[in-house]
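Reading the structure
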Amino acid sequence: MPAFAGRTALVTGASKGIGYHIARLCAHEGADLILVARDTQRLERVAQEMTECFPVNAAVFPADLSQPESAGELWQRVQAGGHNVDILVNNAGVGAYGEFREIPPEKTRGMRHLNIVSFTELMHLAAIEMARREWGRILTVASVAGFQAMPYMAEYAATKAYVLSLSEALRVELAPFGVVVTCLAPGPTDTDFFAAAGTRMLDTPGRKTPEEVARAGFRAMLRGRPLVVPGAMNKMMVFAGRLVPRALFAAAAARVLRRR
Ligand SMILES: NC(=O)c1ccc[n+]([C@@H]2O[C@H](COP(=O)([O-])OP(=O)(O)OC[C@H]3O[C@@H](n4cnc5c(N)ncnc54)[C@H](OP(=O)(O)O)[C@@H]3O)[C@@H](O)[C@H]2O)c1
């Protein structure tokens with residue numbers, strides 16, 4: 001019996017990259033899908049593929065989660081469509097590379113709204129509904145960048161520190177209500193993320209494919225784990241960040257990221 005048969009998973013950022021692969025794994029485990037991103041055509045292609053490959057339903061809910069009120073509006077549309085969200089994959093996120101002074105404010109404003117405000121509002125709405133039904137699974141997507149300061153991706157790293165902290169705290173708060181929160185913190189992953197952030201993919205030995213990262217996150221969610229950092233190199237980096245003084249780590253990160 002598939003683990004999520006009869007459940008419904010809402011996946012943000014499901015049109016490509018890590019979110020697309022997590023959506024596939026949810027469908028493989030029998031969950032119906034609510035697919036969210038901005039690109040409607042791409043979402044419709046994903047929905048068609050999922051329903052052809054797996055015996056599940058897939059509904060497309062286009063939304064720009066960088067806009068004010070977008071998370072609440074999305075949730076209302078989902079409820080009006082008669083869907084109960086049992087699994088929330090709070091994955092959609094973008095980065096912004098460059099000097100803090102020079103990145104256009106509209107870019108970072110949109111990133112803050114997507115990575116923090118909509119992220120939090122979806123957590124809140126899902127937490128209320130899942131706790132009431134006494135069952136839920138939430139998979140959040142942070143980053144290894146959330147474990148320490150990252151000059152030249154300063155605001156992005158700060159948004160991911162927020163994701164990590166909120167996920168860890170809500171895991172404890174929601175556990176008595178049958179809601180399990182798992183946080184996936186990937187290192188460099190071969191997706192469109194870096195191009196959209198305005199830089200090149202970090203050419204590190206620890207780089208992963210989005211499929212590998214999605215599998216690690218999905219497996220951790222199935223097992224009810226609190227946190228997963230995919231890959232030995234990335235785990236080592238997070239561990240090193242705990243041993244080395246934070247200021248030294250930030251200076252080292254600046255040397256890697258300054259001239260990309
Ligand atoms: N790639 C990495 O190296 C890496 C490392 C650590 C963490 N992460 C995190 O992993 C998550 C997924 O990123 P990815 O690497 O899979 O990147 P990706 O391939 O660029 O996918 C991003 C997804 O988010 C959606 N999205 C972007 N802006 C959106 C918006 N305003 N409203 C709604 N959906 C939006 C995109 O679809 P549309 O463009 O159609 O909206 C797409 O489905 C992000 O939270 C990212 O911070 C990535």
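Look up a bit, the structure's there.
Keep in mind that this is a model prediction, so the values were computed, not measured. (Residues numbered from 1 in each chain as written. Predicted model: local features only at pLDDT ≥ 70, side-chain atom pairs only at ≥ 80, totals over all residues. Heavy atoms only, no water.)

Attention shifts here to the pairing of strand S3 (residues 58–62). Residues Ala59 and Phe61 point to one face of S3 and are all buried, whereas Ala58, Val60 and Pro62, pointing to the other face, are not buried. Pairing between strand S2 (residues 32–37) and S3: five bridges, direction parallel. Counted as the bridge partner of Leu35 is Val60 from S3. Remark: the S2/helix H2 (residues 40–53)/S3 crossover connection has right-handed handedness. (Buried < 20%, exposed > 50% of the residue type's maximum accessible area, 1.4 Å probe, protein only. Helix = DSSP H or I, 4+ residues; strand = E, 2+ residues; numbered from the N terminus. Pairing = 2+ DSSP bridges. Right-handed = clockwise from strand over helix to strand, strands pointing away.)

Inspection of the region around the ligand gives 31 residues, with Ser15, Asn91, Tyr156, Thr189 and Thr191 positioned closest. Between the ligand and Ser15, the relevant distance is 2.7 Å, taken from an oxygen atom to a side-chain nitrogen or oxygen of the residue. Contacts to the ligand include Ala63, whose backbone N or O atom sits 3.5 Å from a nitrogen atom. In the complex, the protein chains occlude 95% of the 880 Å² of accessible area that the ligand would expose alone. At the level of elements, helix H1 (17–28), helix H5 (154–174) and helix H6 (193–197) are the ones that each hand at least two residues to the shell around the ligand. Counted by class, the shell around the ligand contains 15 nonpolar, ten polar and six charged residues. (Near = heavy atom within 4 Å. Polar contact = N/O pair within 3.5 Å; in protein donor to acceptor, adjacent residues only side chain to side chain. Areas by Shrake-Rupley, 256 points an atom, 1.4 Å probe, with all protein chains shown as cover. Nonpolar A, V, L, I, M, F, W, Y, C, P; charged D, E, K, R; others polar.)

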